[in-house]
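# Chain and residue survey
One letter stands for each residue in the lines below.
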Amino acid sequence: DAGVTQSPTHLIKTRGQQVTLRCSPKSGHDTVSWYQQALGQGPQFIFQYYEEEERQRGNFPDRFSGHQFPNYSSELNVNALLLGDSALYLCASSLQTGNYGYTFGSGTRLTVV
Amino acid sequence: GENVGLHLPTLSVQEGDNSIINCAYSNSASDYFIWYKQESGKGPQFIIDIRSNMDKRQGQRVTVLLNKTVKHLSLQIAATQPGDSAVYFCAEIGGSQGNLIFGKGTKLSVKP
């Protein structure tokens, strides 16, 4: 039974570019949350998707957007990349009616140069 | 691999000793707390959780203590092993929000 899978594992982008990160949730999970983890920091909540809609959002600008597909997989898009967007982006899946049983992927390391 | 431990507080213990990692949480309305372990190059891994109506919960080699009066959590690891070396985060969920709010991590280093 596959856990949460994220792609790509590493990515290098130039300032001003756009990036799309992908996440496949754990089998049986219907909710996907995205987190940004800067080096030496704890993960920060970006947003959560359920039923193909953004349900909650953290304190991130509109440059950060997402999507959830009918198969529950999700994408995180970041436009107009800044150097400060360099971080590990984590996807966590869960069951909406479950008791907060989050499963995390290994993340995508984004470097903006 | 990913060095998630850079600039974090570090706890260094001898193999076989007990470890205690502390965490202060932010929201007095939070009703659910989780400890995660994060190894280099990996995402956070669930260790143990506790609800606000409890003050102690035990797992295999791990115990979580919750003090709501001072908004403090601790994770105790018995007989610490080299495989326990990682960064440990506490996280809270509370109120109407279902998202995790992570605390500052602690890097645990186990000396053989």
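Shown above is the structure to which this text applies.
Here's what I pulled together on the structure shown here. What you are looking at is a predicted structure, and each value in this text was computed from that prediction instead of being measured.

All names here are of chain A. Taken in spatial order, the four strands make up an open sheet running S1-S3-S8-S7, and their pairing is antiparallel. With partners counted over all chains shown, the strands left at the sheet margins are strand S1 (5–7) and strand S7 (64–68), one partner each. Pairs of neighbouring strands in the sheet enclose a mean axial angle of 20°, with direction left out of account. In terms of strand pairing, strand S3 (residues 19–24) meets strand S8 (residues 74–78) through five bridges, oriented antiparallel. In the sheet register, cysteine 23 faces S8, and the bridge partner there is serine 74.

The next point concerns the state of the cysteines. All names here are of chain A. Considering all chains together, one arrives at two disulfides over all chains under this definition. The partner cysteine of cysteine 23 in its disulfide is cysteine 91, sulfur to sulfur 1.8 Å. Between cysteine 23 and cysteine 91, the disulfide has an S-S torsion of -60° and is therefore left-handed. Taken as a pair, cysteine 23 in strand S3 and cysteine 91 in strand S9 (residues 87–94) lie far apart in primary sequence, 68 residues in all. For the pair shown, cysteine 23 and cysteine 91 are each scored as buried.

Our focus in this paragraph is the sheet that holds strand S2 (residues 19–24) of chain B. Residue and element names in this part refer to chain B. Overall, antiparallel pairing links the four strands, which are arranged S2-S7-S6-S5 in an open sheet. In this open sheet, the two edge strands, each paired with only one partner strand, are S2 and strand S5 (56–58). When the angles between neighbouring strand axes are averaged without regard to direction, this sheet yields 15°. Pairing analysis gives three bridges linking S5 to strand S6 (residues 62–67), with the strands arranged antiparallel. Of the residues in S6, the one forming a bridge with glutamine 58 is threonine 63.

With that settled, consider the side chain of A:Gln37. Structurally, A:Gln37 can be placed in strand S4 (residues 31–37). In this structure the side chain of A:Gln37 is engaged in a polar contact, spanning 2.9 Å, whose partner is the backbone oxygen of A:Gln41.

Each side of the interface is counted separately: chain B has 22 residues, and chain A has 18 residues. Both faces considered, chain B and chain A share a buried interface measuring about 1700 Å² in area, 54% of it formed by carbon and sulfur atoms. Counting the contacts that link chain B with chain A gives zero salt bridges. Linking chain B to chain A there are two residue pairs in polar contact (both at pLDDT 80 or more). Among the elements of the structure, strand S3 (30–38) and strand S8 (86–94) of chain B are those that each provide at least two residues to the side of chain B that touches chain A. Counting residues per element, the side of chain B that touches chain A draws most heavily on S3(B), which supplies four residues. Taken together, the residues of the side of chain B that touches chain A sort by class into 11 nonpolar, eight polar and three charged.

Another point: unusual backbone geometry. Residue and element names in this part refer to chain A. For the bond from serine 7 to proline 8, the omega torsion is -10°, close enough to zero to count as cis. Position of proline 8 among the secondary structure elements: in the loop between S1 and strand S2 (10–13). Although it is not a glycine, tyrosine 72 adopts a positive phi angle of roughly 80°. Looking at the secondary structure, you find tyrosine 72 in the loop between S7 and S8.

Moving on to the pattern of salt bridges. Residues and elements named next belong to chain B. Following the criterion strictly, the structure yields seven salt bridges over all chains and no others. Measuring nitrogen to oxygen at the nearest pair gives 2.1 Å for the salt bridge that ties aspartate 49 to arginine 57. Classification of aspartate 49 as buried rests on a relative accessible area of 13%. Residue arginine 57 is classed as partly exposed on the basis of its relative accessible area, which comes to 35%.

Thresholds, definitions, all that
- Residues numbered from 1 in each chain as written.
- Chains lettered and ligands numbered in written order.
- Predicted model: local features only at pLDDT ≥ 70, side-chain atom pairs only at ≥ 80, totals over all residues.
- Heavy atoms only, no water.
- Pairing = 2+ DSSP bridges.
- Helix = DSSP H or I, 4+ residues; strand = E, 2+ residues; numbered from the N terminus.
- Axes fitted to C-alpha atoms, helices over the stretch in contact; angles between N-to-C directions.
- Disulfide = S-S within 2.5 Å.
- Buried < 20%, exposed > 50% of the residue type's maximum accessible area, 1.4 Å probe, protein only.
- Polar contact = N/O pair within 3.5 Å; in protein donor to acceptor, adjacent residues only side chain to side chain.
- Contact = heavy atoms within 4.5 Å.
- Buried area = accessible area lost by both parts, 1.4 Å probe.
- Salt bridge = Lys/Arg side-chain N within 4 Å of Asp/Glu carboxyl O.
- Nonpolar A, V, L, I, M, F, W, Y, C, P; charged D, E, K, R; others polar.

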